[in-house]
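Listed below, chain by chain, are the residues.
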Amino acid sequence: MSAEDYIWKWVTKEYIAKNFKEDDYSAYYTEKGERVRSKSEVIIANLLNSMQIPYKYECPLQLGQVTIYPDFTLLDVRTKKEKYLEHFGMMGDSEYVADMMNRINIYEQNGIYLGTDLICTFESVKRPLNIGTLKKKINAIMKNSLS
């Protein structure tokens, strides 16, 4: 199967994404028309799209007995391996931070390690998403799939 055919098959495989709550009236959409949960996720999705990195938004991932919904599941085209990008955008909220640390632990307990197969971005009111750093993180993990 050619790389283009593999990418097309991977991208078009249907999945059931995480639902938006009924009272969630946010209207954030990517250049591809996908609804996401924040302005920062719009930036991330549009950046991935501009870098031609195939991705899925909130595609379910079974890790042991737990199903999680990574913000972005990325396809490393060269290795045909999935990698993950999580954006943690409320770092000023201590409960949110505790949940974030638990989520990273779940990844690592299942062999998905930060900096190898997992990209994490962090943001708070005083420290917004750094797009330059994000690009460097994506390039470091996905460098082999961008050829």
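The structure displayed is predicted, hence computed values, not measured ones.

K.L.:
How do you make sense of the pairing of strand β6 (residues 72-76) when you look at a structure like this?
P.N.:
Taken residue by residue, a regular strand's side chains alternate between the two faces of the sheet. The buried count for β6 comes to five of five residues, which makes it a mostly enclosed element. Burial of β6 is two-sided: the residues Phe72, Leu74 and Asp76 facing one way and the residues Thr73 and Leu75 facing the other way are all buried. Relative to β6, strand β3 (residues 55-57) runs antiparallel, the two being bridged by three bridges. Each bridged residue has a counterpart across the sheet, and for Lys56 the counterpart in β6 is Thr73. For β6 and strand β7 (residues 81-88), the ladder comprises five bridges, and the chain directions are antiparallel. Looking at β7, one finds that Phe72 is bridged to Leu85. Connecting β6 to the antiparallel partner β7 that follows it, the hairpin turn spans four residues, and Lys80 within it adopts a positive phi of roughly 60°.

K.L.:
Looking at this model, I keep getting lost on the pairing of β7. Mind explaining?
P.N.:
Burial within β7 is extensive, with six of its eight residues counted as buried. Where β7 meets strand β8 (residues 118-122), five bridges bridge the pair, whose relative direction is parallel. Paired with His87 across the two strands is Thr121, which belongs to β8. Handedness of the crossover joining β7 and β8 through helix α3 (residues 94-109) is recorded here as right-handed.

K.L.:
What is the right way to look at the pattern of salt bridges in this model?
P.N.:
A side chain with one charge may pair with a side chain of the opposite charge, provided their charged atoms come close. Per the stated rule, a full pass over the model turns up four salt bridges. A salt bridge links Glu58 to Arg37, with the shortest nitrogen-to-oxygen separation between them at 2.7 Å. With Glu58 in the loop between β3 and β4 (61-63) and Arg37 in the loop between β2 (35-36) and α2 (39-50), this residue pair connects regions lying 21 residues apart in the sequence. A relative accessible area of 24% places Arg37 in the partly exposed class. A salt bridge links Lys83 to Asp76; its shortest N-O distance comes to 3.4 Å. Here the two residues Lys83 and Asp76 agree in accessibility, since each one is buried.

K.L.:
Help me understand helix α4 (residues 131-142) in this model?
P.N.:
For an α-helix, 3.6 residues make a turn, and residues three or four places apart therefore share a direction. For α4, built from twelve residues, the straight-helix expectation of 16 Å at 1.5 Å per residue is met to within 8% by its first-to-last C-alpha distance of 16 Å. Against the buried residues of α4 lie α2, β6, β7 and β8. Here α4 starts with a cap whose side-chain oxygen sits 3.0 Å from the backbone nitrogen of Gly132, and that cap is Asn130.

K.L.:
I would appreciate a short explanation of the environment of Glu41 in the present structure.
P.N.:
In this fold, Glu41 is placed in helix α2. Take Glu41: its relative accessible area is 5%, and that puts it in the buried class. As a C-alpha pair, Glu41 and Val97 span 56 residues in sequence and 18 Å in three-dimensional space. Separated by 3.0 Å, the side chain of Glu41 and the backbone nitrogen of Arg37 make a polar contact.

Rules behind the numbers
Residues numbered from 1 in each chain as written. Predicted model: local features only at pLDDT ≥ 70, side-chain atom pairs only at ≥ 80, totals over all residues. Heavy atoms only, no water. Buried < 20%, exposed > 50% of the residue type's maximum accessible area, 1.4 Å probe, protein only. Helix = DSSP H or I, 4+ residues; strand = E, 2+ residues; numbered from the N terminus. Pairing = 2+ DSSP bridges. Right-handed = clockwise from strand over helix to strand, strands pointing away. Salt bridge = Lys/Arg side-chain N within 4 Å of Asp/Glu carboxyl O. Expected span 1.5 Å × (residues − 1). Contact = heavy atoms within 4.5 Å. Polar contact = N/O pair within 3.5 Å; in protein donor to acceptor, adjacent residues only side chain to side chain.

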